[in-house]
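Inside the fold
Take a look at the letters that make up each chain.
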Amino acid sequence: MKTTQLLHGLLCFSTLPLLAAPSLAVPEPSAVVPISRIKDRDLFELPARGRPATTVQEWLSQTPPPPQAPVQVTGVRLNPTDAGLEIILQTASPTQLQAVRSVEDKTLTIEISNAVLSLPNQQSFRADTPTETVTATQLEGNRIQVRVIGKITLPNASVIAQPNSVSQQPDEDEEEITVTGAQTPSYRVPNASTATRTDTPLRDIPASIQVIPRQVLEDQKAERLQDALQNVSGVTKRGNYGGGAAGGFVIRGFTQEGNFRNGLRDNNFYAFPEIANIERVEVLKGPASILFGQVEPGGIINLITKQPLSEPYYSVEFTAGSYNFYRPTVDISGPLNAEKTVLYRLNFAYQNSGSFRDFVNTERFFVAPALTWKIGRNTTLDIDFEYLREKSPFDRGLVILDDNSFALPINRYLNYPSLDNYSQTVYRGGYRFEHRFSDDWRIRNSFLVSSFDAGGLSVNTAGDLIDNQFTPRNFDDDRYIVQNYGVQTDLMGKFNTGSIAHQLILGFDFNRNTSFYEFESASLSPNDIFNPAFDIPRPSILSDPASFSDRTDTWGIYLQDQVALLDNLKLLVGGRFDFSTQRSLSDPVSKQFNDAFSPRVGIVYQPSQAISLYASYSTSFRPVIGISATNSPFKPERGKQFEVGIKGEFLDGKLAATLAAFEITKSNVLTSDPNNSRFSIQVGEQQSRGIELDVIGEILPGWNVIATYAYIDARVTEDNEVPIGNRLDNSAQHTASFWTTYQIQKGDLKGFGGGLGFFFAGDRPGDSLNTFELPSYFRTDATVFYKRDQWRFALNIKNLFGVEYYETAQSRAIIYPGAPFTVQGTVSFQF
C-alpha cells in the first residue's frame, strides 16, 4: 500500500462524518456538554449551531471561536452526605466543567480542564475527614486536580461546581462530576510526558503514544515487560537473551534494543526490567531523537516508576501457579514525618519458579526503595534505587530443521545443565530535582545510573544444525558488564506572544555507556537434538582469555515549543543537536566522532472537543561504529517519518482511540562492500509503512477494554547482500489484541468480575535473509476475580487452549517458544 493511499484513506475516514451526514451539526470547540447531563442520545444528536458544513471547503473555512477564559475556582468546601462526600468548587459565575477521572488503589483522581485555583492566601487546598483526605492542586495547562484518598477503602465522592452567589445547597443549575468507589479503576490515562517531557493531554500531542497503566498489568498478571507490550499496536518481541526476560522489541518494524526509565536511557538488549515497581508503560511511536538522542526510528519504550504517596499505603500480594511458580510482592508507602514533607515507597518482589522448558529454574530477588523530599513549597527532590538479581540457566531455545519445520517439542532443552552456573545482577539509582521559579517557569535536573553485571558458566550455540540432527555448542566462562550514566537538565516555561500561548523546553543531556566483556571458551561435542545428552564433563582446557571494552559518550542540546495558535489549533516544533564519541578501549584502540541535527514538527487541529486530527514529521539518528575500506568512519544511521492520524475521546472522555498512518525510511544502513567483502558500505535502506489502531478505556462503569490492530509492511529497499523486498526480521504484517474485564457494581455479587483476552500475531521472518518464518498464532487468556474491602482474589489462565506458538527468534539456531496452558492464583491485601 502506498503512502498516498494511506494518507488519502485516513483523511476520508476523518472527514466522513462531515461529508456523509449533513443533518449532523458539529458543535464549535467552545461548546461543552455537561458531564453529568450527557445521555446516550447526546452522542448522536449534538446541538446545532448554525448551518452544518457540507463540504470540506466549508468545514475548513469556518472560523473557530475565541478561546474561553479559564474558570476561576475561588473556594473549596466539603459536604458529607449519606451517598458520599460532596466536594464543592466555588466559582465566580455559573459555569460548566469537563473532567476526566481515574482510580488507583484507594485514590480517586479528577482532573478538571480549563480551570484555575484562585484561593485566598493559598495555592492549594487540603482537608481531612475521618475517612478521606481531599486535595485540590493546580496543574499545567489550566487544569485542576482533585484527589480523594481513602484512609480505609476506596471512597465515594462527587465534585460540584457552584457559583458564589448560589446557596450552600446544590441545585439543578450545578455542574456535577460523580466518581463512586464501586467503580473499578479505568484503563484510560489522559496525559503522558514521554512525547513532550511535559504533562500533556494525549489529544494535544501530534504523535501516536500509548499508555499501559498499572491496572492492566494487575488484571493480566503481567510478569515481563513483553506481557505489557502485547497491548500496544505494532510491537513484537525481538530476541530473548538467554531465555529470560531480556532482549529487544520491534516497533513499527525496527528493533529498539534498550528502554528508558522516567525519561532517561536505561538498559540495553542484555538487561531487563522488573515490573513490580512500574506504575505505567508509555510507548512513543516513530523517531524520537529530539528528546532521547540516539534511537531507532520505530519508537521508544519509557517505563514510569511508582512514586512515594503522601498517605499511608500497604499492599501484600502472593501469586502461585503452574510449574512450581510462586511470587510474593510487597508495596508500602507513606510519610516519614508529621509535616508530610518526606515520603517513602518500598517495593519488594521474590520469584521462584520452574518452567515448561526442561531443566530451567529461575530465582529472582528485587527491592526498590524511593524517597521524596519536599524541600520547600517550590522545590522537590526524588531519589530512587533498585537492586535485581536473577539466577537462571542460559537457555538458547530450539532450532529449526533444514526443511523449516518445527519438529522438536517446546520443552526440549539442548544445553548441558551440569555446565551451567549463569546469573545476572542489575543496579539502578538516580534522582530528580525540580524547582519552580514561578507558576510559569521551572527547572528540572535528573540523573540515572544503571549497571548490568552478568556471567558465569554457560553453554551457548555455535552455529546452525549439522546433518539436520546435531547442534554445535560452546562452553563459555565469561563476564559481561555494562554501565550507563545519564544526566538531563530542562528549563521549562510558559508565556504568551499576543494571543498565542507557548510552552517552551530548553534542555541539555549527557549519556555515557561503557561495556566490558571477557571470556574463555571451549568447543563441545555437538548435541543430538532428537536424543540429547544432558550430563558431560567440564572441559579441562579453555581458550586463552580475551576481552573487549568500549565507551560511547553523547551530548545533546534541544529546544521544543508547544504552541497554541488557537484554542483548537496546536503546533509542536523543535530540534536537537547531538555530538557522539565512540572509543574502543581494546587492542587496537580507536576513536570515532559523529554529530547530527534532528528536527521535529507536528500540528493538531481539533474540530470538536472529542476529535483531534494531527500530522507530523520527525527524525532520528543512531551512531554506527566502524570504518569503510577507504578508512572513512561510518555516518550515523538516519530515520525520518511522516505520520497522520486521528484521535477520539468518547463517553465523557472515558474511552479513547487513536488511528495512525505512517511511513518511516531508515538510511545509511550497513551492507556488504561489493569490492571488498571484508568491509561494509552505507548504501542500505529500509522502509516501513502501516496503519495502527489503539482503543483503551471504560465503556460502562466497571467495564474496561483495551484493543489494538496494526498492519505494518517493513522491508529492505536497498542492500548489496539482503535481497531487496525482504521483510525485516521478527516484524509481523498483522497483529491484533483485545482484552476486556467487567466487575459487578451492585447487589450480592458486587466485587465479582472476569476478563477475556485474545492476542494474534501473523507470520514473522526469523532472520534478515527470510530463510524461515515463525508461524502466526492466536492465543486466548482469561481471568476471574473477586474484590471485597481490602481483599482481592484472582485466577488467571494464560494460553487457555494450549496453543503451540513461538514468541521470537534470533537465528535458525535460537528460537524461543511461548508457554503452554498456565494457571496462576493470586491473593492480595491492602491496608
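These notes cover the structure that comes with them. (Residues numbered from 1 in each chain as written. Predicted model: local features only at pLDDT ≥ 70, side-chain atom pairs only at ≥ 80, totals over all residues. Heavy atoms only, no water.)

1. Details of the overall build of the chain
Threshold: Numbering of helices and strands starts at the N terminus; helices are DSSP runs of H or I of at least 4 residues and strands are runs of E of at least 2. For every residue, the accessible area obtained with a 1.4 Å probe (protein chains only) is divided by the maximum for its type, and the residue is called buried under 20%, exposed over 50%, and partly exposed between those limits. A contact between two residues is defined here by any heavy atoms of the two lying within 4.5 Å. Per-residue accessibility takes into account occlusion by the displayed protein chains alone, with areas from the Shrake-Rupley method and a 1.4 Å probe.
Broken down by element type, the chain carries five helices and 46 strands. Of all 831 residues assigned to the chain, the portion counted as buried reaches 54%. Considering only contacts within the chain whose residues lie at least 6 apart along the sequence, 65% involve residues at least 24 apart. Carbon together with sulfur atoms contributes 57% to the accessible area of the chain, which is approximately 34,700 Å² in total.

2. Remarks on the sheet that holds strand β14 (residues 235–238)
Across a sheet, paired strands are connected by hydrogen bonds in the backbone, their directions being either parallel or antiparallel. For the record, the criterion: DSSP-based pairing: two strands are paired if at least 2 bridges between them are found. Lines are fitted to the C-alpha atoms to define the axes, a helix being fitted only along its stretch in contact, and any angle between axes, read from their N-to-C directions, falls within 0 to 180 degrees.
Sheet architecture is open: three strands sit in the order β14-β15-β16, paired in antiparallel fashion. Edge positions in the sheet fall to β14 and β16 (254–256), since each has one partner strand and no second. Across this sheet, the average inter-strand angle for adjacent strands is 35°, counted without regard to direction. Bridge count between β14 and strand β15 (residues 248–251): four bridges; the pairing is antiparallel. Among the inter-strand pairings, V235 is bridged to a residue of β15, identified as I251.

3. A word on the nonpolar core
For clarity, the cut-off: The term nonpolar core refers to a set of buried residues drawn from Ala, Val, Leu, Ile, Met, Phe, Trp, Tyr and Cys, joined through side-chain atoms within 4.5 Å.
The biggest cluster of nonpolar side chains holds 26 residues, and the ones touching the most others in it are I87, L89, I112, F125, V146 and V159. Of all hydrophobic cores here, the second largest spans 22 residues; its members include A228, F249, I275 and I278.

4. Topic: the packing of aromatic side chains
Heads up, the rule is: Here a pair means two rings of Phe, Tyr or Trp (six-membered ring of Trp) with centres within 6.5 Å. Their orientation is stacked below 30 degrees between planes, edge-to-face above 60, and tilted elsewhere. Note on geometry: a ring has a charge over it if NZ (lysine) or CZ (arginine) is within 6 Å of the ring centre and within 35 degrees of the ring normal.
What the rule picks out here adds up to 30 aromatic pairs. When the ring of Y241 is compared with that of F269, the centres are 6.3 Å apart and the planes differ by 65°; the resulting orientation is edge-to-face. Of this pair, Y241 sits in the loop between β14 and β15 while F269 sits in the loop between β18 (264–265) and β19 (278–285), and the two are 28 residues apart along the sequence. F269 matches Y241 in its accessibility class, with the two residues each being buried. Put simply, the rings of Y241, F269, Y270, F394, Y422, F452, Y480, Y517, F519 and F548 pair up and form one aromatic cluster. The ring of F662 has R252 lying over it, and the distance from NZ or CZ to the ring centre is 4.1 Å. Its end group placed over the ring of F785, R792 keeps NZ or CZ at 4.8 Å from the ring centre.

5. Observations concerning the pairing of β15
Judged by which residues are buried, β15 turns out to be covered on both faces: G248 and V250 on one side and F249 and I251 on the other are all buried. In the sheet, β15 pairs with β16 via three bridges, with the strands oriented antiparallel. Residue pairing across strands places I251 opposite F254, the latter belonging to β16. Adjacent in sequence and paired antiparallel, β15 and β16 are bridged by two residues, among which R252 carries a positive phi angle near 55°.

6. A word on the sheet that holds strand β20 (residues 299–305)
Taken in spatial order, the five strands make up an open sheet running β13-β19-β20-β17-β18, and their pairing is mixed. Looking at strand neighbours, the two that pair on one side only are β13 (209–213) and β18, the edges of this open sheet. The pairing of β13 with β19 spans five bridges and is antiparallel. The residue bridging V211 from the neighbouring strand is E282, located in β19.

7. Looking at the pairing of strand β6 (residues 125–128)
Along β6, the buried face is formed by F125 and A127; none of R126 and D128, which line the opposite face, is buried. Inspection of the sheet shows β6 paired to strand β7 (residues 132–139) by four bridges, in the antiparallel sense. When the bridges of β7 are listed, R126 appears paired with T135.

8. Describing the environment of I275
Counting through the fold element by element, I275 comes out in the loop between β18 and β19. For I275, a relative accessible area of 6% translates into the label buried. Separated by 51 residues in the primary sequence, I275 and R224 place their C-alpha atoms 6.8 Å from one another. Those residues within four positions of I275 in sequence are excluded, and the remaining contacts are R214, A222, E223, R224 and L225.

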